[in-house]
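# Structural features, examined
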Amino acid sequence: MGLSVAEKLIASHLVSGSLKRGEPIAIKIDQTLTQDATGTMAYLEFEAIGIPRVRTELSVSYVDHNLLQTDFRNADDHRFLQSVAAKYGLWFSRPGNGICHQVHLERFARPGKTLLGSDSHTPTAGGCAMLAIGAGGLDVAMAMAGKPFHLLMPKIVGVYLTGKLPPWVSARDVALWMLRKLTVKGGLGKILEYFGPGVKELSVPDRATIANLGTEMGATTSVFPSDEVTLAWLKAQGRDEEWQEILPDPDARYDEIIELDLSTLEPLAACPSSPDNVKPVSELEGQEVAQVIVGSCANSSLRDLLVVSKALHGKKVHPTVSFEINPGSLQVLENLDALAALKDLIHAGARIHQSGCLGCIGMGQAPATGTVSLRTFTRNFPGRSGTKNDQVYLVSPEVAVAAALTGKITDPRKLGAYPEIQLPERFIINDALLLPPLPEEKAREVEIIRGPNIVPLPQFDPLPENLRCKVLLKVEDNITTDHIMPAGAKILPLRSNLPAISEYVFSALDPEFASKALKVKESGGLVAIVGGENYGQGSSREHAALAPRYLGVRLKLAKSFARIHRANLINFGILPATFVNPQDYEKIAPGDELFLKGIREQLASGAEEIVIEIVGKGSIRARIDLTPRDREIILAGSLLNLARED
Ligand code: MIC
Ligand code: SF4
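Note that the structure is predicted; figures quoted are calculated from it, not measured. (Residues numbered from 1 in each chain as written. Chains lettered and ligands numbered in written order. Predicted model: local features only at pLDDT ≥ 70, side-chain atom pairs only at ≥ 80, totals over all residues. Heavy atoms only, no water.)

### Topic: the pattern of salt bridges
Rules: One speaks of a salt bridge when a side-chain nitrogen belonging to Lys or Arg is within 4 Å of a carboxyl oxygen belonging to Asp or Glu. Only runs of H or I of at least four residues qualify as helices and only runs of E of at least two qualify as strands under DSSP, and these elements are numbered from the N terminus. Buried residues are those whose accessible area, probed at 1.4 Å on protein chains only, stays under 20% of the maximum for their type, while exposed residues exceed 50% and partly exposed ones sit between those limits.
Enumeration according to the criterion identifies 33 salt bridges in this entry. The shortest N-O distance in the salt bridge between Asp431 and Arg107 comes to 3.1 Å. Placement of Asp431 in the loop between α12 (397-406) and β20 (434-435) and of Arg107 in helix α4 (residues 100-107) is noted, with a sequence separation of 324 residues between them. The class of Asp431 is partly exposed, set by a relative accessible area of 31%. The exposure class of Arg107 is buried, given its relative accessible area of 16%. Between Arg303 and Asp206 there is a salt bridge, with its nearest N and O atoms 3.7 Å apart. Placement of Arg303 in helix α9 (residues 302-312) and of Asp206 in helix α7 (residues 204-213) is noted, with a sequence separation of 97 residues between them.

Right, here's the structure in full:
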């Protein structure tokens, strides 16, 4: 039987296991990426593993998330990261060079290779036929140490594309269509592989936009074939020698097939406050808009900004709209300028920011009270923008520019002729802010620079014989890592300081959570959280596991978990259990005590179902669907304890 592209990529990297769906597998990782917000912790973990130099083909440390530098802390983090990169043989992408995923696509993405990144949107590189997966920092640290990445063999969903996108409809609309169909949890345990005649109509940046947003469906990753369009992209980046053709075999079999005729698509928008709350723009027309931002790793490529600039040519931004551009990379900005497109943006009244994540992770650009903000970002989870009760819509650059011109949500098809975009055959390459790895002998001499905000990791104690945990919080379905461990301008600077960031765990849901948990911890107790479906969706930030663990959380009992968060819980010794009967969720209330008798022994003996006593109320059954490796990690209290023992 023939193989799909995803199967080819996995098969060529398999270290253990087979392509049998749902089975534990381990794959060799060729490349890694980190960004500053997850990177500081990942490198502290890498240091704790004790390897003198990265053992990958290529590892890159990007600084893109936290560029505000409101005090010494971010600047200290940046210097720490730069010195770590120099010491351990990594590339370093300096602040201002661009968003990790955009820069990686431009400079490093290579068909046929695997990439593990400590950022959930790492699958962006799937647009260039990589098997690119988001993971927690510790998993990336392990990959940098040359260890394989462990996961369950996903199902492969084939998305069969035909036709061609109509004018004013773009890659974002493909992703929004998919989100409406699959919802934020429809991709769980799956790889989305795009194939069919429609694929060649999409450029690599278009493919990257679609692959990027597969993350919002909960997919393990998304992948496109490597064809002549891929070759054209690599040529434009001066890297054509890195191309190889990777196509699905004609008799490849997919576990499911979704069909989409691109020519039937219309402009879509994800309405407040979930990426899957998708409606046609034509139904939303007339809604007043106060802010429009084009940016983020999903939609800030040269193509995206060229469309916007051409649509603005000779026009002015509406007087009640703040129209903002966050270019994906320095390369995008320089090429935009070289094509004389930057001046159209400036002349129309766009606010041009530096390249980086910026408002996408609440680092500035918060919208005004009670106003609507249209963004080409990835997520519109409640409050992520930095404003309470925000109303953020996620849209294509086309829909964004239409609103920037009219001050209202407007169907862009009303703007007239669709601009013709011609991407350069050769991009101007600007690596001024991209530092190559130092040779080994020079690297050895580098001293790591640690400011006072770089706080060493604590010790993680092994799992006790029995678990007795107090339920301090019970939450609904689809709780995001932004709820568990918020980001934004106040909290992001604390990513390298675990005790300090822990004070903000669940702060938006219960401002007292951290102090209550610390009280339980001080009295020698442990804490449990009860959740609904898809618990921990969203980002890869391991702080959403690490900080609760620091506060004494040892058990999370939910209806289901999002992939990366679940892996992070295991990595830091928190037991992720699911209800056998989802109705049992109703039986537990905050304040209850949960008792798991002999849990160590049960984990060690491979039990898949356990009994949880709700003290004074009776018992329920829970599933612990864990691989032998997961069990070992939880018993040890953290993967770090095992890695150190190696
Ligand atoms: C995000 O988009 O939520 C982030 C910020 O990029 C996160 C990583 C982080 O929290 O540092 C992600 O997507 O993994
Ligand atoms: Fe940065 Fe936003 Fe992309 Fe996350 S989703 S990497 S915050 S641009």
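Back to the text.
### So, empty space enclosed by the protein
Short version of the rule: Of the grid points, spaced at 1 Å and generated over the protein atoms alone, those admitting a 1.4 Å probe that cannot get out make up cavities, while open sets with protein on both sides within 12 Å along at least five of seven lines make up pockets; any residue with an atom within 4 Å of a point is treated as lining. Grid points are joined across faces, edges and corners, and a volume is the space filled by probe spheres set on the points. Three classes are used, and their members are as follows: Ala, Val, Leu, Ile, Met, Phe, Trp, Tyr, Cys and Pro are nonpolar, Asp, Glu, Lys and Arg are charged, and the others, Gly among them, are polar.
For the structure on display, the rule yields 9 cavities of 30 Å³ or more. Its volume calculated, the largest cavity comes out at about 220 Å³. Lining the largest cavity are 23 residues, with Gln35, His65, Asp119, Ile361 and Arg384 positioned closest to its centre. Looking at side-chain class alone, the lining of the largest cavity contains 7 nonpolar, 11 polar and 5 charged residues. Of the pockets and cavities examined, the second largest cavity occupies roughly 170 Å³. Surrounding the second largest cavity, 19 residues form its lining, Thr215, Gly218, Gly538, Ala562 and Ile564 being those nearest its centre. Counting residues per element, the lining of the second largest cavity draws most heavily on helix α19 (residues 563-571), which supplies 3 residues.

### Section: the site of ligand 2
Put simply, the test is: Being near a molecule or strand, for a residue, means having at least one of its heavy atoms within 4 Å of it. Just a note on the criterion: a molecule sits in a pocket or cavity if more than half of its atoms are within 2 Å of the grid points.
Around ligand 2 sit His65, His101, Asp119, His121, Ser296, Cys297, Cys357, Cys360, Ile361, Thr378 and Arg384, and those are all the residues in its vicinity. Of all the cavities here, the one that holds ligand 2 is the largest cavity.

### Some words on the packing of aromatic side chains
Here is the rule we go by: Centres within 6.5 Å make a pair out of two Phe, Tyr or Trp rings, where for Trp the six-membered ring is used; the pair is then stacked when the planes are under 30 degrees apart, edge-to-face when over 60, and tilted otherwise.
Enumeration according to the criterion identifies 11 aromatic pairs in this entry. On the numbers, 5.6 Å between centres and 55° between planes, the contact of Phe460 with Phe572 is tilted. Remark: Phe572 occurs in the loop between α19 and β24 (575-579) and Phe460 occurs in the loop between α13 (440-444) and β21 (467-474); sequence separation between them is 112 residues. On the accessibility criterion, Phe460 (7% relative accessible area) is buried. An aromatic cluster is defined as three or more aromatic residues linked by ring pairs; in this entry it consists of Tyr160, Phe195 and Tyr254.

### A few points about the site of ligand 1
In plain terms, the rule: By the criterion applied in these results, polar contacts are pairs of N or O atoms within 3.5 Å in which, for protein atoms, one can donate a hydrogen and the other can accept it, and in which residues neighboring in sequence qualify only through two side-chain atoms. In these tables, accessible area is a Shrake-Rupley quantity obtained with a 1.4 Å probe, and a residue counts as shielded only by the protein chains included in the view.
Near ligand 1 you find 14 residues, and of these His65, Asp119, Ser120, Ser540 and Arg541 are the closest. Take Arg384: an N or O atom from its side chain is 2.8 Å from an oxygen atom of ligand 1. The side chain of Arg495 places a nitrogen or oxygen atom 2.8 Å from an oxygen atom of ligand 1. Burial of ligand 1 by the protein amounts to 97% of the accessible area it has alone, namely 330 Å². Spatially, ligand 1 is embedded in the largest cavity. Looking at the shell around ligand 1 residue by residue, the classes come out as 2 nonpolar, 7 polar and 5 charged.

### Here's the deal with the sheet that holds β20
Spelled out, the test is: Each pair of strands is called paired provided DSSP finds at least two bridges between the two strands. We call two residues contacting when some pair of their heavy atoms lies within 4.5 Å. Here the axes come from fitting lines to C-alpha atoms, over the contacting stretch only for helices, and the angles between their N-to-C directions go from 0 to 180 degrees.
One open sheet holds the 6 strands; their spatial order is β7-β6-β3-β4-β5-β20, and the pairing between them is mixed. Strands at the two margins of the open sheet, each flanked by one partner only, are β7 (131-134) and β20. Bridge count for strand β5 (residues 91-93) against β20 is 2 bridges, and the pairing is antiparallel. Pairing of Ser93 across the sheet is with Leu434, part of β20. Docked against the sheet, helix α2 (residues 36-49) engages β3 (31-35) and β4 (58-62), running at close to 115° with respect to β3. Of the strands in this sheet, β3, β4, β5, β6 (114-117) and β20 touch α4, which is tilted by about 150° from β3.

### Some thoughts on the pairing of strand β15 (residues 291-294)
This is how the line gets drawn: Whether a crossover is right-handed depends on one test, that the path from the first strand over the helix to the second runs clockwise when the strands point away from the viewer.
Neither face of β15 is left uncovered, since the one carrying Gln291 and Ile293 and the one carrying Val292 and Val294 both have all their residues buried. By the bridge criterion, 4 bridges tie β15 to strand β16 (residues 322-325) in an arrangement that is parallel. Directly across from Ile293, in β16, lies its bridge partner Glu324. For the segment spanning β15, α9 and β16, crossover handedness is right-handed.

### A word on the nonpolar core
Where we set the bar: Nonpolar cores were defined as sets of buried Ala, Val, Leu, Ile, Met, Phe, Trp, Tyr and Cys residues, with membership established by side-chain atoms within 4.5 Å.
Phe513 and Leu594 are the most contacted members of the largest nonpolar core, which totals 113 residues. Element by element, the count of residues in this core is highest for helix α5 (residues 137-144), at 6 residues. Look past the residues within four positions of Phe513 in its chain and what remains in contact with it is Leu472, Leu473, Val505, Phe506, Val527, Ile529, Leu551 and Val553. Among the nonpolar cores identified, the runner-up in size contains 58 residues, and Val204, Ile325, Leu342 and Tyr393 belong to it.

### Observations concerning the packing of α19 against helix α21 (residues 628-636)
Let me state the cut-off plainly: Roughly parallel refers to an angle under 35 degrees, roughly antiparallel to one over 145, roughly perpendicular to one between 65 and 115, and oblique to any angle outside these ranges.
Here α19 crosses α21 at 50°, and the two axes come no closer than 8 Å. If you check the angle between α19 and α21, you find them oblique. Here Arg566, Ile570 and Asn571 of α19 lie close against α21, whose contacting residues are Asp630, Ile633 and Ile634. Residues that form the contact of α19 with α21 fall into these classes: 3 nonpolar, 1 polar and 2 charged.

### Digging into α21
Structural remark: α-helix, 3.6 residues per turn; residues separated by three or four positions point the same way. Turning to α21, its buried residues are Asp630, Arg631, Ile633, Ile634, Leu635 and Ala636. Once α21 finishes, Gly637 follows within two positions and takes phi at roughly 100°, a positive value.

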